[in-house]
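# Summary of structural features
Here is what each chain is made of, one letter per residue.
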Amino acid sequence: MEIPFAESFKIKMIEPLHRSTREERESWIKESKYNLFNLRSDQVFIDLLTDSGTGAMSDRQWAAMMLGDESYAGSSSYFNMKKAIHDILGFDYFLPTHQGRAAENVLFSVLVKSGDVVPGNSHFDTTKGHIEFRHATAIDCTINEANDTQIEHPFKGNVDIDKLETVLKTHPKEKIPFICLTVTCNTSGGQPVSMQNIKEIHALAKKYDIPILFDSARFAENAYFIKKREKGYEEKSIKEIVREMFQYADMMTMSSKKDAIVNIGGFIAFRDEKLFREATTFNIMFEGYITYGGLSGRDMNALAVGLDEGTEFDYLDTRIRQVAYLGAKLDEYGIVYQRPTGGHAVFIDALKTLPNVPREEFPAQTLGVELYLESGIRGVEIGAILADRDPVTRENRYPKLELLRLAIPRRAYTNNHIDVIAASLKNVYDRRNSICRGFKIVREAPIMRHFTIELERL
Ligand code: F0G
C-alpha cells in the first residue's frame, strides 16, 4: 500500500479553541456591525481571517527568542537577521521594520511622488494604500486569466508583458519610480509568478531603465510553485530558486509575518547603498534606529531562523498541500474558487456561490457572515468593500472578482479543521437559493475602509 502524506512536524504546545452556538454568533456578529474584524477571537472557532502573524513558531524559533539581544544599537540579533537576508535573499543592505506596511511607508517616502504611476501585478491593499496616499496610481497589469476563477493557469500571478510595456511606454520614466511585483500575488488568489515571467519583466525594466521592487511577503510559497510547476526547476532546492528569483529584484519589502513565520516583523532590502541611506532617515523617524527598526532583538532572532525554515521544502510541502486539501474537498461539493488553490489561502468565488445577492449588497461579505453563522469560521472579504471608493469619483469600485478569502495560518490547524471548513461551506452553499439579500454600508473610513466598516443587514 502506498504510504500517505503526513505533516513534517509534530505538536509540542497547544491552544484551546472556543465553540459557540448559532444564537451566540447571531448576537456577536450583529454587535460587530457585520464586520468580521470586530469579532473577539474567542468568538471565533476557526480563524481564517489571515495567515499574517498567525502561524506557530518552531522550537528553534522559540529558542532563538531566548537569545535575543536587546541592545539599542549593534545588537547581535540585527546581525543574525542581516546574515539571513544576505545568505538567503542575496541583499547587502536592509532596514528592519515592524511589519510589511511599515516597510512600504519608509521606502515609498523616498520613492513615490504625487502624479507617479506604479505598475505591477495586483497590488496588495496596504501597498496600493501607500501609493494612493501619496497621490500616485497603482496600475494592475496582471494577466487576464487571473480574472476568471475557472481557468486553470499555473501562474495566475503573472504580469501581462504587453500591458506593462504600454504603461512604461506611455508615461515618462521620471513618473515611474518602480515596478511592483507581488510574489505570490495575494489579491489574485495567492497565485504565483513564474520565473519566466520574472525574467521577462526584468528584461523590460532594463530596457526602460525602471527598478523592480518585489513585495515579498510570500516569496517562499512562490518558489515552491516554481519548483512544482515550471520546467527546469524540479530538481532545484527552494533556496536555489529563491536566490534566482531575487537576482531580478533591485529591492524588496517584506512582511515577515507570512513566509518568515513570525508573529510580527518586516524589512526592506536594497542593492543600492544610496537608496538605503535615503531610506534610513525615514526608518529612524518612523520605525526606530537602523539596527532594530521597531523590532525587539528576540523578534529579529526568530525572524532570521524563520527565513531559513520557511525556505525548506518539507515545511512548504506540508503547508501548501493543506491548502490544496481544502480545494479538493470543495471540488467534491461543487463549490467554486479561484483555481488552482493558492499558496496561503482558498479564495471562494462569491458571485458563483451566492448568485442571488446583488453586487451592490456585497456578496463576498454576505458569504463571510453566513460562514461565520454556520460554524464560527472567520474569513475575509476580498471584493468591493476592500476595493474602496475611487479616489477621484468617490464611487464604489467593483473589482472583476468578488471573493471570500480563507487564509490558512501556518502550522496552526489540522486537516480535521479543514474538513469542518469545507462542510460548513457546503451547508451554506446548499441553502444558497434562500440567501438573496446582503448588506448596506452605514459607516466607512475614506481609505482602507474594510477594517472599520459598519454594515446593516438588508
Ligand atoms: N504585501 C502583501 C502581499 C501582503 O499580503 C501584506 C499583508 C502586506 C504587504 C503588508 O504587510 O500586514 O505586515 O503590514 N497581508 C496580510 C493579509 C495583512 O492578510 O493578507 P503587513
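Residues numbered from 1 in each chain as written. Predicted model: local features only at pLDDT ≥ 70, side-chain atom pairs only at ≥ 80, totals over all residues. Heavy atoms only, no water.

## Re the packing of aromatic side chains
- Following the criterion strictly, the structure yields 16 aromatic pairs and no others.
- Joined through ring pairs, the aromatic side chains of Tyr78, Phe79, Phe94 and Phe267 make up one cluster.
- When the ring centre of Phe5 is taken as reference, the NZ or CZ atom of Arg321 above it lies at 4.0 Å.
- Against the face of Tyr333 rests Lys426, its NZ or CZ located 6.0 Å from the ring centre. (Phe/Tyr/Trp six-rings, centres within 6.5 Å; stacked < 30°, edge-to-face > 60°. Lys NZ or Arg CZ within 6 Å of the ring centre and 35° of its normal.)

## What about the sheet that holds strand S12 (residues 403–407)?
- On the basis of which strands lie adjacent, the open sheet formed by three strands has the order S9-S12-S11 and antiparallel pairing. Both outer strands of the open sheet, strand S9 (345–349) and strand S11 (380–382), are each paired with one neighbouring strand and no more. The mean angle between the axes of side-by-side strands here comes to 35°, regardless of whether they run parallel or antiparallel.
- Two strands pair when backbone bridges link them, and S9 and S12 are joined in this way by five bridges, in the antiparallel orientation. Paired with Val346 across the strands is Leu406, a residue of S12.
- In this fold helix H14 (residues 363–375) packs onto S9, S11 and S12, with an angle of close to 45° to the strand it touches most, S12. (Pairing = 2+ DSSP bridges. Helix = DSSP H or I, 4+ residues; strand = E, 2+ residues; numbered from the N terminus. Axes fitted to C-alpha atoms, helices over the stretch in contact; angles between N-to-C directions. Contact = heavy atoms within 4.5 Å.)

## A short note on helix H10 (residues 273–286)
- Compared with an ideal rise of 1.5 Å per residue, which puts 14 residues at 20 Å, H10 spans 20 Å between its outermost C-alpha atoms and is within 8% of the ideal.
- Along its length, H10 shows its largest kink, about 25°, at Ala279.
- Tucked into the core, H10 has its buried residues touching strand S2 (93–97), helix H4 (100–111), strand S7 (251–255) and strand S8 (266–270). (Expected span 1.5 Å × (residues − 1). Bend = angle between axes of the 7 residues up to and from the residue.)

## Thoughts on the pattern of salt bridges
- One pass over the structure, following the stated rule, counts 40 salt bridges.
- Here Asp209 and Lys173 are joined by a salt bridge, their closest N and O atoms 3.3 Å apart. Taken as a pair, Asp209 in the loop between helix H7 (195–208) and strand S6 (212–215) and Lys173 in the loop between helix H6 (161–170) and strand S5 (179–182) lie far apart in primary sequence, 36 residues in all.
- The exposure class assigned to Asp209 is partly exposed, which follows from its relative accessible area of 48%.
- Ionic pairing is found between Glu221 and Arg410, a salt bridge with its closest N-O pair at 3.1 Å. Of this pair, Glu221 sits in helix H8 (residues 219–229) while Arg410 sits in the loop between S12 and helix H15 (415–430), and the two are 189 residues apart along the sequence. For the pair formed by Glu221 and Arg410, the shared burial category is buried.
- In this structure, a network of salt bridges that share partners links the residues Arg22, Glu26, Glu370, Glu374, Arg431 and Arg457. (Salt bridge = Lys/Arg side-chain N within 4 Å of Asp/Glu carboxyl O. Buried < 20%, exposed > 50% of the residue type's maximum accessible area, 1.4 Å probe, protein only.)

## Some points on the packing of helix H2 (residues 59–66) against helix H11 (residues 297–310)
- It is the contact of H2 with H11, at a shortest axis distance of 7 Å, that shows an interaxial angle of 150°. Here H11 runs roughly antiparallel to H2, going by the angle between their axes. As for how H2 packs across H11, the hand of that crossing is right-handed. Contacts between H2 and H11 pair Arg60, Gln61, Ala64 and Met65 from the former with Arg298, Asp299, Asn301, Ala302, Val305, Gly306, Asp308 and Glu309 from the latter.
- Split into classes, the residues belonging to the contact of H2 with H11 amount to four nonpolar, three polar and five charged. (Parallel < 35°, antiparallel > 145°, perpendicular 65-115°, else oblique. Left-handed = near helix turned anticlockwise from the far one by under 90°. Nonpolar A, V, L, I, M, F, W, Y, C, P; charged D, E, K, R; others polar.)

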